[in-house]
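An overview of the molecular structure
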Amino acid sequence: VDRLGYVDVIRNGLILNLVLIGVGALYLYLDHRLPATPRETGAGLEAAAGP
Amino acid sequence: VTALTSLRRVSSLWYLILFAVSATGVIWQLVLFLQGVGVVTGAGGQLPGHLTLLVRFFSYFTTEANILVAVTSAPLVLRPGHDGPVWRVLRLNALFGITVTGVVYSTLLRGIVELHGAAAFTNTLVHYLSPLLAVVGWLIFGPRPRITENTLMLSLIWPVLYVAWTFAHGAVATRSSTWTGSGMSTSSGTASSSTWC
């Protein structure tokens with residue numbers, strides 16, 4: 001009997017972490033797939049080379 | 001170079017707005033929370049003390065995600081190409097944290113508590129505007145690439161700590177009050193399920 005709802009909390013915590021890992025992995029993938037943004041140099045801004 | 005300079009200006013302005021939205025949202029919500037707006041109360045309807053309220057407020061996933069957004073957006077106002085090992089991890093935390101905040105709130109939690117006035121406004125800032133500006137800003141302005149496998153692994157520290165803290169906090173809070181149970185009541189309405197967002 002889980003009167004205090006620990007099972008719910010643990011289940012929700014695990015789901016949250018799995019979702020976060022999934023979304024984080026998606027950002028990792030997109031970070032390398034999307035074009036790189038311009039980078040700054042000492043002289044100013046210049047177009048970044050591709051990934 | 002002129003186009004790049006313009007892009008840099010727009011990027012700075014974008015991240016300035018994002019910083020203002022997330023920081024204002026969190027600070028304003030904190031003020032409202034300390035005044036008892038939207039606070040989950042015990043069976044008798046009495047408000048918890050300020051220390052308890054502070055702990056609860058900073059335990060909300062939404063609060064932490066918006067703080068991360070504000071902290072990682074601020075350097076981008078001055079330097080759109082900002083980089084750094086710690087910033088990279090916090091930035092990824094901010095991005096996936098605010099993404100989950102926006103998606104979970106708009107799909108699962110939106111109708112739980114009916115909000116009015118300032119509470120509704122700040123709710124829009126932290127649950128809708130901040131996620132939208134953060135994700136769209138990252139897609140348009142980046143900066144990219146800033147994420148590696150190592151960044152991703154290190155970025156898992158925050159959610160793991162968050163869940164560990166939530167377990168401990170939930171255990172203590174459940175013993176001392178009814179705020180984690182289903183059907184909890186708030187000072188501004190009735191919540192239908194346990195909410196940590």
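Residues numbered from 1 in each chain as written. Chains lettered and ligands numbered in written order. Predicted model: local features only at pLDDT ≥ 70, side-chain atom pairs only at ≥ 80, totals over all residues. Heavy atoms only, no water.

Below, the discussion takes up the overall build of chain B. Counting its regular elements, chain B contains seven helices and three strands. In sequence order, chain B lays out its α and β elements as α-β-α-α-α-α-α-α-β-β. Looking at chain B as a whole, 49% of its 197 residues are labelled buried. Counting only contacts in chain B whose residues sit at least 6 apart along the sequence, the fraction spanning at least 24 positions is 77%. Carbon and sulfur atoms provide 71% of the accessible area of chain B, an area that totals close to 9,100 Å². (Helix = DSSP H or I, 4+ residues; strand = E, 2+ residues; numbered from the N terminus. Buried < 20%, exposed > 50% of the residue type's maximum accessible area, 1.4 Å probe, protein only. Contact = heavy atoms within 4.5 Å. Areas by Shrake-Rupley, 256 points an atom, 1.4 Å probe, with all protein chains shown as cover.)

This part is about the pattern of salt bridges. Residues and elements named next belong to chain B. Applying the stated criterion across every chain yields a total of two salt bridges over all chains. When the shortest N-O distance is used, the salt bridge between R88 and D83 registers 2.8 Å. The closest approach of N and O atoms between R146 and D83, which form a salt bridge, is 3.6 Å. Note that R146 is positioned in the loop between α5 (117-141) and α6 (149-155) and D83 in the loop between α3 (61-78) and α4 (85-109), a separation of 63 residues in sequence. D83 sits in the partly exposed class, given a relative accessible area of 36%. Each of D83, R88 and R146 takes part in salt bridges that share partners, so that together they form one network. (Salt bridge = Lys/Arg side-chain N within 4 Å of Asp/Glu carboxyl O.)

The next thing to look at is the packing of aromatic side chains. Residues and elements named next belong to chain B. Within this structure, the stated rule accounts for 11 aromatic pairs over all chains. A ring pair is formed by Y105 and Y128, whose centres lie 5.8 Å apart and whose planes are at 80°; its orientation type is edge-to-face. Here Y105, found in helix α4, pairs with Y128, found in helix α5; they are 23 residues apart in sequence, far enough to count as distant. On the accessibility criterion, Y128 (32% relative accessible area) is partly exposed. Put simply, the rings of F33, F57, F58 and Y60 pair up and form one aromatic cluster. The ring centre of W138 lies 5.2 Å from the NZ or CZ of R144, which sits over that ring. (Phe/Tyr/Trp six-rings, centres within 6.5 Å; stacked < 30°, edge-to-face > 60°. Lys NZ or Arg CZ within 6 Å of the ring centre and 35° of its normal.)

For helix α1 (residues 2-34) of chain B, built from 33 residues, the straight-helix expectation of 48 Å at 1.5 Å per residue is met to within 8% by its first-to-last C-alpha distance of 48 Å. Looking one or two residues past α1(B), G36(B) carries a phi angle of roughly 95°, positive in sign. (Expected span 1.5 Å × (residues − 1).)

Time to look at the nonpolar core. Within the largest apolar cluster, 30 residues are counted, with the highest numbers of intra-cluster contacts made by L16(A), Y27(A), F61(B) and F96(B). Of all the secondary-structure elements, those providing two or more residues to this core are α1 (6-33) of chain A together with α1, α3, α4, α5 and α7 (157-176) of chain B. By residue number, the principal contributor to this core is α4(B), which donates seven residues. Other than its neighbours up to four places away in sequence, L16(A) contacts F61(B), V100(B), Y162(B) and V163(B). In this structure, L30(B), V39(B), F57(B) and Y60(B) belong to the second largest nonpolar core, which totals seven residues. (Core = buried A, V, L, I, M, F, W, Y, C linked by side-chain atoms within 4.5 Å.)

On to the side chain of T101(B), then. Looking at the element boundaries, T101(B) is found in helix α4. Leaving out residues up to four positions away in the same chain, T101(B) has contacts with F61(B), T62(B), A65(B), V126(B) and H127(B).

So, on to the confidence of the model for chain B. Residue and element names in this part refer to chain B. In the predicted model, chain B carries a mean pLDDT of 85, and the fraction of residues at 70 or more is 85%. Per-element confidence in chain B is highest for α3, whose mean pLDDT is 97, and lowest for strand β3 (residues 189-190), whose mean pLDDT is 36. In the model, residues 180-196 has pLDDT below 50 throughout and makes 52 contacts with residues more than four positions away in sequence or in other chains. Interface confidence for the predicted complex, given as ipTM, is 0.77, next to a pTM of 0.84. (pLDDT = per-residue confidence, 0-100.)

Right, let's talk about the interface of chain A and chain B for a bit. The interface of chain A with chain B comprises 27 residues on the first partner and 37 residues on the second. Buried surface at the junction of chain A and chain B, summed over both partners, amounts to about 2,700 Å²; 72% is from carbon and sulfur atoms. Between the two partners, chain A and chain B, sit zero salt bridges. Linking chain A with chain B are six residue pairs in polar contact (both at pLDDT 80 or more). Residue composition of the side of chain A that touches chain B, by class: 19 nonpolar, five polar and three charged. (Buried area = accessible area lost by both parts, 1.4 Å probe. Polar contact = N/O pair within 3.5 Å; in protein donor to acceptor, adjacent residues only side chain to side chain. Nonpolar A, V, L, I, M, F, W, Y, C, P; charged D, E, K, R; others polar.)

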